[in-house]
Amino acid sequence: SPITNTNAGLMRAKGRPNSQAQMTYIMYEVLSEETGAGSISLRYEMSGNTERVQRAATLIDSGEALLKFGPDGLYYLWVGGRVDVSKAAPGKYGGQFTLEIEYI
């Protein structure tokens, strides 16, 4: 969970104090094994807060959000997710997490 799990990834965005940015990210991804023998399904989850207080962060559950930087110009993002390996096979899998931020 990007709100309750202390192992969630943490990113910090920095901008002008009290400014805004539009963020989008890919919520779902399917990784294929190099030979096509299996697949792994990923569901990314994010939360954000103007303070570095994970448990008070707001869940970003639509794949996009308007970020409002705090008075110090910072915004914190936590990344978590769910992994389904029920169709996985031994082998190598690769992918990338895509996050886009448009500074307004």
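Below is a short write-up of the structure.

Quick notes on the rules
- Residues numbered from 1 in each chain as written.
- Predicted model: local features only at pLDDT ≥ 70, side-chain atom pairs only at ≥ 80, totals over all residues.
- Heavy atoms only, no water.
- Helix = DSSP H or I, 4+ residues; strand = E, 2+ residues; numbered from the N terminus.
- Polar contact = N/O pair within 3.5 Å; in protein donor to acceptor, adjacent residues only side chain to side chain.
- Contact = heavy atoms within 4.5 Å.
- Buried < 20%, exposed > 50% of the residue type's maximum accessible area, 1.4 Å probe, protein only.
- Pairing = 2+ DSSP bridges.

Turning our eyes to something else, we now look at the side chain of Ser 19. Looking at the secondary structure, you find Ser 19 in the loop between β1 (9-14) and β2 (20-25). Polar contacts involving the side chain of Ser 19 include one to the main-chain carbonyl oxygen of Arg 16, which spans 2.6 Å. Contacts of Ser 19, omitting those with residues within four sequence positions, involve Leu 67, Lys 68, Phe 69 and Tyr 103.

Here we take up unusual backbone geometry. Positive phi values are uncommon outside glycine, yet Asn 18 reaches one of about 65°. Checked against the element boundaries, Asn 18 lands in the loop between β1 and β2. Given a relative accessible area of 58%, Asn 18 falls into the exposed group.

With that out of the way, let us pick up the pairing of strand β4 (residues 39-49). On any regular strand, side chains alternate: one points to one face of the sheet, the next to the other face. A large share of β4 lies buried, amounting to nine of its 11 residues. Strand direction decides the pairing type here: strand β3 (residues 28-32) and β4, joined by five bridges, are antiparallel. Among the inter-strand pairings, Tyr 28 is bridged to a residue of β4, identified as Arg 43. In sequence, β3 turns back onto β4 through a hairpin of six residues, with Gly 36 there showing a positive phi of about 85°. Note: β4 against strand β7 (residues 74-84), nine bridges, orientation antiparallel. Bridged to Leu 42 within β7 is Val 83. With three bridges joining them, β4 and strand β5 (residues 58-60) adopt antiparallel strand pairing. For Met 46, the partnering residue across the bridge sits in β5 and is Ile 60.

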